[in-house]
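# Secondary and tertiary structure notes
Listed below, chain by chain, are the residues.
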Amino acid sequence: MPGLIRQFIDIAERIPNTLLAFVARFSIAAVFWKSGQTKIQGFAVDIVNGEFTLGWPRLSSSVVDLFRDEYRLPLIPPEIAATMAATAEHLFPMLILWGFATRLSAFALLGMTMTIQLFVYPDAYPTHGTWAAVLLYLMVHGPGKLSVDHWIARFYP
């Protein structure tokens, strides 16, 4: 039995970081992008479902009420918080998906995750812990070779 376990571990250790990083980037980007899409109207892009509505994005009619009545963030007016969240949930996932400014973008989304955990949904720690683990992985290990960051690093070692 220990030999089978060792073989499994050897096989698992051969999974390249680039593959892990790409799966992490795609997955966490999808989580935040899809959340951002619920906050806006006039612009929708979902490559998995094939949904494309290209227009000028604007906040959904109910999103400010959501921030005012349910999320209730301290110190930030709901109009500003809704705009910041919708912008962050589109900008940083796109950067992470491309692998551009990956570590910085992961850090920004980790901050957003911590804000949600502490002030909005404190009982959702299993979900937020998973997001945090993926974001921390990207911060520590970077986006892998299939990324703009890697391409840039080749020219500026």
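Cut-offs and rules
- Residues numbered from 1 in each chain as written.
- Predicted model: local features only at pLDDT ≥ 70, side-chain atom pairs only at ≥ 80, totals over all residues.
- Heavy atoms only, no water.
- Helix = DSSP H or I, 4+ residues; strand = E, 2+ residues; numbered from the N terminus.
- Buried < 20%, exposed > 50% of the residue type's maximum accessible area, 1.4 Å probe, protein only.
- Contact = heavy atoms within 4.5 Å.
- Areas by Shrake-Rupley, 256 points an atom, 1.4 Å probe, with all protein chains shown as cover.
- Axes fitted to C-alpha atoms, helices over the stretch in contact; angles between N-to-C directions.
- Left-handed = near helix turned anticlockwise from the far one by under 90°.
- Nonpolar A, V, L, I, M, F, W, Y, C, P; charged D, E, K, R; others polar.
- Expected span 1.5 Å × (residues − 1).
- Arc of directions from axis to C-beta.
- Core = buried A, V, L, I, M, F, W, Y, C linked by side-chain atoms within 4.5 Å.
- Phe/Tyr/Trp six-rings, centres within 6.5 Å; stacked < 30°, edge-to-face > 60°.

### Brief notes about the overall build of the protein chain
- Helices and strands together make up the secondary structure of the protein chain, namely 7 helices and 4 strands.
- Dimensions of the protein chain, computed from C-alpha atoms along their principal axes, come out at roughly 60 × 40 × 35 Å.
- Here the protein chain holds 157 residues, and 32% of them are scored as buried.
- Contacts in the protein chain between residues far apart in sequence, at least 24 positions, make up 55% of those at least 6 positions apart.
- Roughly 10100 Å² of accessible area belongs to the protein chain as shown, and the carbon and sulfur atoms make up 70% of that amount.

### A look at the environment of A86
- Tracing the backbone shows A86 in helix α4 (residues 78–98).
- Separated by 49 residues in the primary sequence, A86 and Q37 have C-alpha atoms spaced 7.7 Å apart.
- Excluding anything up to four places from it in sequence, A86 contacts K39, I40 and L59.

### Quick notes on the packing of α4 against helix α5 (residues 102–120)
- The interhelical angle for the contact between α4 and α5, taken along N-to-C directions, is 145°, at an axis separation of 9 Å. Viewed along their axes, α4 and α5 form a crossing whose handedness is left-handed. Of the residues in α5, those in contact with A85, A88, E89, F92, P93, L95 and I96 of α4 are T102, S105, A106, A108, L109 and M112.
- The residue inventory of the contact of α4 with α5, partitioned by class, reads 10 nonpolar, 2 polar and 1 charged.

### What about helix α6 (residues 125–141)?
- With 17 residues, α6 ought to run about 24 Å at 1.5 Å a step, and its terminal C-alpha atoms sit 23 Å apart, in line with that.
- Every buried residue of α6 is listed here: H128, W131, A132, L135 and L138. Looking straight down α6, one finds its buried side chains confined to an arc of 125°; they lie on one side. Exposed residues pointing more than 90 degrees away from the buried face of α6 are listed as Y125, P126 and V140.
- Among the structural elements, α2 (17–37), α4 and α5 are those in contact with the buried residues of α6.
- Among the residues trailing α6, G142 stands out with phi positive, at a value near 80°.

### With respect to the nonpolar core
- Judged by nonpolar contacts, the single largest core of 22 residues is most densely connected at I28, F32, F67, I96, M112 and L135.
- The biggest single contributor to this core is α5, with 6 residues.

### Brief notes about the packing of aromatic side chains
- One pass over the full model with this rule turns up 5 aromatic pairs.
- Note on Y71 and Y121: the rings are 5.9 Å apart at their centroids and 80° apart in plane angle, and the pair reads as edge-to-face. Of the two residues, Y71 is situated in helix α3 (residues 63–71) and Y121 in the loop between α5 and α6; the sequence distance between them amounts to 50 residues.
- According to the relative accessible area criterion, Y121 is partly exposed, its value standing at 33%.

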